[in-house]
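Results of the structural survey
The lines below spell out each chain.
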Amino acid sequence: MANVILDFEKPIAELEEKLQEWENLSSANNLDADTELDALRKKLEETKQNIYEHLTPWQRVQLARHPNRPYTLDYIERIFTDFLEMHGDRRFADDPAIVGGFAKLNGKPVMVIGTQKGRNTKESVFRNFGCPHPEGYRKALRLMQVANLANVPIVTFIDTPGAFPGVASEERHIGEAIAVNLRDMFALDVPVICVVIGEGGSGGALGIGVGNKVMLMENAYYSVITPEGCAAILWKDRAFSERAAAALNLTANDLLRLKIIDGVVEEPVGGAHKDYDTAAKYLAEAVEKALDEFKNWTPKQLREQRYEHFRSVAFYNEPAPAEEVEEQKAAEPAPEKKVKAKTKK
């Protein structure tokens, strides 16, 4: 994979390059450069800490989209064993943008489902850039229903900018497919754990995101719309994407504060793409802990908890009854009539 350096990471890259030069020089000429090397290493660690501890929402969006970031299949390979991928929605086709099947987590059976992106142009086209068609959501629901019959818990990994909005997708009823998933996931009798591992965009994320516990990885984002889409609507210009990212409260810490998610999964310093194995270790621990929390719950308790969890995410105000509105109007003083001055022609 190509070494991609984001704009805000350039000071780190420069220090790493300088450190490598000093190490090569010291080794080639048998020089004692320990003092200089230690100073550079210290400065490098301080720079990393300062940058990664103060990331803006837009910078976290960039990390969530990093082309080297681990995807669903990368995590499945490192976390689960005996993965048996299942294909097709039994209605139209198989959608490669969503993968899933039975697997084992520490020897215990689970159904794992997730959105999948591609590494290169060919793979990205095959996976439709991680944007599922209706058959992808219908496949996901079919696998969930199989897991429900087998009394096996479900784990979903979300990484999509949104469902595919093309004509073909609309012709096959993408909105209906997502809506049915939302409805039927609330009725599942087994624990459902959802983790946003990268991008969590709009209904595309919600289509496999109704769970007893919803978590975000540290540098993932979860939002009703992408920052670019928000900027295009509000300011008619995608150049305002950074401003939109800040306004959307889409980072893990913002969402945890707003009680939209239940937990944040730690990542290696610099992002999950820096160390796949460590990122997978943290994710596995979070998923196992969440599954243990619900292992003794009854189907009724799981359904009720899932329902109450999403009911508590937002609030609304009911309009006052018509009689009260009329009383308020009657109690208000009549507005003063303005007399228009007559002017001579």
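Note that the structure is predicted; figures quoted are calculated from it, not measured.

1. Looking at the overall build of the protein chain
- In terms of regular secondary structure, the protein chain is built from 15 helices and eight strands.
- Over its C-alpha trace the protein chain gives a radius of gyration of 25 Å, far above what one expects of a compact globule, namely 20 Å for 345 residues.
- In terms of principal-axis extent, the alpha carbons of the protein chain reach across some 100 × 70 × 40 Å.
- The buried share of the protein chain, taken over its 345 residues, is 46%.
- Total accessible area on the protein chain is roughly 19400 Å²; 53% of this is exposed by carbon and sulfur atoms.
- Charge separation in the protein chain, taken as the distance between the mean sites of 44 positive and 53 negative side-chain charges, equals 8 Å.

2. Thoughts on the packing of aromatic side chains
- Scanning all chains against the criterion turns up five aromatic pairs.
- Consider the rings of Phe186 and Phe310, whose centres lie 5.5 Å apart with planes at 85 degrees: the pair is edge-to-face. Residue Phe186 is found in helix H8 (residues 174–186), and its partner Phe310 is found in helix H14 (residues 299–311); the two are separated by 124 residues along the sequence.
- Looking at Phe310, the relative accessible area reads 24%, which means it is partly exposed.
- Arranged with centres 4.9 Å apart and planes meeting at 70 degrees, the rings of Phe294 and Trp297 form a pair that is edge-to-face.
- Classification of Trp297 as partly exposed rests on a relative accessible area of 32%.
- Taken together, the ring pairs connect Tyr75, Phe80 and Phe157 into an aromatic cluster.

Rules and cut-offs
Residues numbered from 1 in each chain as written. Predicted model: local features only at pLDDT ≥ 70, side-chain atom pairs only at ≥ 80, totals over all residues. Heavy atoms only, no water. Helix = DSSP H or I, 4+ residues; strand = E, 2+ residues; numbered from the N terminus. Rg over C-alpha atoms; globule rule 2.2 N^0.38 Å. Buried < 20%, exposed > 50% of the residue type's maximum accessible area, 1.4 Å probe, protein only. Areas by Shrake-Rupley, 256 points an atom, 1.4 Å probe, with all protein chains shown as cover. Lys, Arg positive; Asp, Glu negative; His and termini not counted. Charge placed at Lys NZ, Arg CZ, Asp CG, Glu CD. Phe/Tyr/Trp six-rings, centres within 6.5 Å; stacked < 30°, edge-to-face > 60°.

Taken by themselves, the reported measurements are silent on function.
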